[in-house]
Amino acid sequence: MNSYFNFEDTYTNLPKCFFTEQEIKKVSLPGLVIFNDKLAKSLNINIPSNDKSEMAKILSGNFNDKKMNTYAQAYAGHQFGHFTNLGDGRAIMLGEHVSKCGKRYDIQLKGSGITPYSRRGDGKAALGPMLREYIISEAVHHLNIPTTRSLSVIKTGEDVFREKKLQGSILTRIASSHIRVGTFQYAAAQQDTKILRSLFDYTVKRHYSDIKNSEEISIKLLKEFSLKQINLIINWMRVGFIHGVMNTDNMTLSGETIDYGPCAFMNSYDPNTKFSSIDHMGRYSYKNQPIIAQWNIARFAETLLPLISSDLNEAIKKAEDVIKSMPETYKTNWLNMMKKKLGLIDNDSEDENIINSLLSWMEKNNADFTNTFVDLMNEENLDQSIYKSQEFKSWFKIYKKRKLSKNFSKSKSLKLMKENNPIIIPRNHIVENVLSSAEERDLNPLKKFLKVLENPYDNNVKIPSYFKIDIKSDQPYMTFCGT
Ligand code: AMP
Ligand code: MG
């Protein structure tokens, strides 16, 4: 395998409780569905892209390499607020690939069979959800948002049983690492500071090497991590992305978006939007994402307490100070992001009002979140009927006045807007259509769509069907974990 990847494992130097070696079971008839050539090249992964059957064997784990120590990682997590022991129940780590520029990536097969952490699951995945993860993770990457990525999807030739019989599939996930808040929760639950310390040191070395010599390094990590997560969530809010299952095991220390289960993009602006069929209370709705991030980071902070100070009260006080400061940082950074979406340069005391009035108008009028900002970038689009109301016109007058004041520069303002307002997002109805075709063996719509998603900010795309909303699809859209 080292002729394809440059494997060099470090995670397996952690104490044994963090993983279990797990051989990959061969699948009956591996077949390549999609391979991310550009990603492979950019990471110096040398899988021979002219030999589809060889590719399918490699990417399904159907290879004989006795030197490979593949394994599943242990972790815990709060799922919808309840603490559970979890672990990779349907994912197996192939190894850590180091690219030519020295960056380290986990290469993981998702859907490759049972592991010691599978609980009652079958360790398998179905084609639809794996292709969905491929589409959305790649879209999120091209939207310039940190995320795990997708190298390939293969079909196993085996059936997977959910509500009905589905085609078995394996996705190759690429991640800066799979260290989760849940991994720290698992370490803390071992009640052995040495174990916790080993994960802490490993994480600092792998993702936060800049702080390695800091005083109060545990608090420093907490601050840096919370900032990474705040900025991640702000990016999600910027493009209307709703993750849908922000359990603590689905929050990475690297700050990458992970676990594309029931996620989807919002169409009409409604802060209460949620898509997941199992999120009955809307815990992970659009507007709750920053609050949940803070809740998750508080759970992370709890795991660090023994490392922060030997005096528990002092440790709690220091951790609480960081957690309590999060809403203010979020608000400042969120305002900056929204100002960019509106092309507002410098600061004005009215900015927050201008932003909030627009959002409340959008909510009242079911305005499309993405297209409203696209139309504001192209004022000729404002002759559509939705913008004819007095309320919008008054808002627009105030906005325009503010925009033209304060060191206005047309090119700078438009550049900010173009960089922050995608015109293309993976619209739910298109995702569903291309997945249906793919399940019927027609991959062309999927491939065409992926190509368009590579340039979400490219204003010259003239394929209306990709950026126009489908009114029917705005009716309650529901996503399923697909596990
Ligand atoms: P998720 O909802 O994808 O974050 O998964 C939560 C937990 O369930 C993780 O420990 C997964 O590895 C596990 N899991 C999800 N699907 C399956 C499956 N089909 N078989 C075994 N474990 C699974
Ligand atoms: Mg998960």
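Scroll up a little and you will see the structure.
We now turn to the structure provided with this report.

**A few points about the overall build of the protein**
What the protein contains, in helices and strands, is 15 helices and 12 strands. For the protein, whose C-alpha radius of gyration is 23 Å, the value lies close to the compact-globule estimate of 23 Å for 483 residues. Projected onto the principal axes, the alpha-carbon positions of the protein cover approximately 70 × 60 × 45 Å. Sorting the 483 residues of the protein into buried and exposed places 57% on the buried side. Pairs at least 24 residues apart make up 71% of the contacts formed inside the protein by residues separated by at least 6 positions. In the form shown here, the protein has an accessible surface area of approximately 21600 Å², with 50% of it arising from carbon and sulfur atoms. Positive and negative side-chain charges of the protein, numbering 66 and 55 respectively, have mean locations separated by a distance of 3 Å.

**Quick word on the site of ligand 1**
The environment of ligand 1 is made up of 18 residues, and the closest members are Gly-87, Gly-89, Arg-119, Gly-123 and Asp-259. Separating a nitrogen atom of ligand 1 from a side-chain N or O atom of Asp-122 is a distance of 3.1 Å. Contacts to ligand 1 include Asp-259, whose side-chain N or O atom sits 2.8 Å from an oxygen atom. Protein coverage of the free-state accessible area of ligand 1, which is 480 Å², stands at 88%. Taken together, the residues of the shell around ligand 1 sort by class into two nonpolar, eight polar and eight charged.

**Let's talk about the coordination of the magnesium ion (ligand 2)**
Within the first shell, the magnesium ion (ligand 2) binds the protein through Asn-250 (OD1) and Asp-259 (OD), at distances of 1.9 to 2.2 Å. Since its relative accessible area comes to 8%, Asn-250 is described here as buried.

**A look at the packing of helix H3 (residues 127-142) against helix H13 (residues 428-439)**
Where H3 contacts H13, the two axes come as close as 10 Å, and the packing angle between them is 130°. Taken together, the axis directions place H3 and H13 in an arrangement best described as oblique. Two packed elements cross with a definite hand, and for H3 against H13 that hand is right-handed. Of the residues in H13, those touching H3 at Leu-127, Gly-128, Leu-131, Arg-132 and Ile-135 are Val-431, Glu-432, Val-434, Leu-435, Ala-438 and Glu-439.

**Quick word on the environment of Tyr-330**
As for its placement among the helices and strands, Tyr-330 is situated in helix H8 (residues 312-341). Residues Tyr-330 and Lys-410, 80 residues apart in the sequence, show an inter-C-alpha distance of 28 Å. Once residues within four sequence positions are removed from consideration, Tyr-330 is found in contact with Ile-230, Ile-233, Ile-234, Met-237 and Pro-290.

**A word on unusual backbone geometry**
Backbone geometry places Lys-406, a non-glycine residue, at a positive phi of 55°. Inspection of the secondary structure assignment puts Lys-406 in the loop between helix H11 (390-404) and helix H12 (410-420). One non-glycine residue, Asn-407, lies in positive phi territory at about 50°. Inspection of the secondary structure puts Asn-407 in the loop between H11 and H12. You can call Asn-407 exposed: its relative accessible area is 59%.

**Brief notes about the pattern of salt bridges**
Scanning the model with the defined rule gives 27 salt bridges in all. Asp-122 is the salt-bridge partner of Arg-162, the closest N and O atoms lying 2.8 Å from each other. Linking Arg-162 in the loop between strand S9 (149-161) and strand S10 (165-175) with Asp-122 in the loop between strand S7 (104-110) and strand S8 (125-126), this pair joins segments that are 40 residues apart in sequence. Its relative accessible area of 28% is what places Asp-122 among the partly exposed residues. Across the pair Glu-352 and Lys-331 runs a salt bridge, and its minimum N-O distance is 2.9 Å. Of this pair, Glu-352 sits in helix H9 (residues 351-364) while Lys-331 is found in helix H8, placing the two residues 21 residues apart along the sequence. Overall, Glu-352 belongs to the partly exposed group, its relative accessible area being 30%. Residue classification places Lys-331 among the partly exposed positions, given a relative accessible area of 39%. The network of salt bridges with common partners includes Glu-8, Glu-96, Arg-104, Asp-106 and Arg-206.

**What about the nonpolar core?**
Among the nonpolar cores identified, the biggest contains 122 residues, and Ile-135, Leu-222 and Leu-376 are the most heavily contacted of them. Setting aside residues no more than four positions away along its own chain, Ile-135 makes contact with Val-431, Val-434, Leu-435, Leu-446, Phe-449, Leu-450 and Leu-453. The next biggest cluster of nonpolar side chains, apart from the first, holds 26 residues, and it includes Phe-5, Val-27, Leu-39 and Ile-174.

**Here we look at the environment of His-207**
Structurally, His-207 is set in helix H5 (residues 193-207). Residue His-207 is classed as buried on the basis of its relative accessible area of 16%. The contact partners of His-207, leaving out residues within four places of it in the chain, are Ser-176, Ser-177, Ile-179, Lys-228 and Ser-254.

**Points about the environment of His-78**
Along the chain, His-78 falls in strand S4 (residues 76-79). Put simply, His-78 and Ile-24 are 54 residues apart on the chain and 28 Å apart in space, counted from C-alpha to C-alpha. A polar atom in the side chain of His-78 sits 2.8 Å from the side chain of Gln-185.

**Comments concerning the pairing of S4**
As paired elements, S4 and strand S5 (residues 82-85) share four bridges and run antiparallel to each other. Note on S5: the bridge partner recorded for Ala-76 is Asn-85. Turn length for the S4-S5 hairpin, with the two strands adjacent in sequence and antiparallel, is two residues, and the turn residue Phe-80 shows positive phi of about 50°.

**A few points about the pairing of S9**
In the sheet, strand S2 (residues 31-35) pairs with S9 via four bridges, with the strands oriented antiparallel. If you follow Gly-31 over to S9, its bridge partner there is Lys-155. Two strands pair when backbone bridges link them, and S9 and S10 are joined in this way by nine bridges, in the antiparallel orientation. Paired with Val-153 across the two strands is Leu-171, which belongs to S10.

**Thoughts on the packing of aromatic side chains**
By convention here, two paired aromatic rings are described through the distance between centres and the angle between planes. The final tally for this structure, using the stated rule, is 24 aromatic pairs. Relative to Tyr-477, the ring of Phe-275 lies with its centre 5.6 Å away and its plane at 70°, an arrangement referred to as edge-to-face. With Phe-275 in the loop between strand S12 (264-265) and helix H7 (289-308) and Tyr-477 in the segment after helix H15 (464-467), this pair connects stretches of sequence that are 202 residues apart. One Lys or Arg, Arg-180, reaches over the ring of Tyr-75 and ends 4.1 Å from the middle of that ring. Sitting over the ring of Trp-295, Arg-283 keeps its end group 4.8 Å from the ring centre.

The rules behind these values
- Residues numbered from 1 in each chain as written.
- Chains lettered and ligands numbered in written order.
- Predicted model: local features only at pLDDT ≥ 70, side-chain atom pairs only at ≥ 80, totals over all residues.
- Heavy atoms only, no water.
- Helix = DSSP H or I, 4+ residues; strand = E, 2+ residues; numbered from the N terminus.
- Rg over C-alpha atoms; globule rule 2.2 N^0.38 Å.
- Buried < 20%, exposed > 50% of the residue type's maximum accessible area, 1.4 Å probe, protein only.
- Contact = heavy atoms within 4.5 Å.
- Areas by Shrake-Rupley, 256 points an atom, 1.4 Å probe, with all protein chains shown as cover.
- Lys, Arg positive; Asp, Glu negative; His and termini not counted.
- Charge placed at Lys NZ, Arg CZ, Asp CG, Glu CD.
- Near = heavy atom within 4 Å.
- Polar contact = N/O pair within 3.5 Å; in protein donor to acceptor, adjacent residues only side chain to side chain.
- Nonpolar A, V, L, I, M, F, W, Y, C, P; charged D, E, K, R; others polar.
- Donors = N, O, S within 2.8 Å, 3.2 Å for Na, K, Ca; no water.
- Axes fitted to C-alpha atoms, helices over the stretch in contact; angles between N-to-C directions.
- Parallel < 35°, antiparallel > 145°, perpendicular 65-115°, else oblique.
- Left-handed = near helix turned anticlockwise from the far one by under 90°.
- Salt bridge = Lys/Arg side-chain N within 4 Å of Asp/Glu carboxyl O.
- Core = buried A, V, L, I, M, F, W, Y, C linked by side-chain atoms within 4.5 Å.
- Pairing = 2+ DSSP bridges.
- Phe/Tyr/Trp six-rings, centres within 6.5 Å; stacked < 30°, edge-to-face > 60°.
- Lys NZ or Arg CZ within 6 Å of the ring centre and 35° of its normal.

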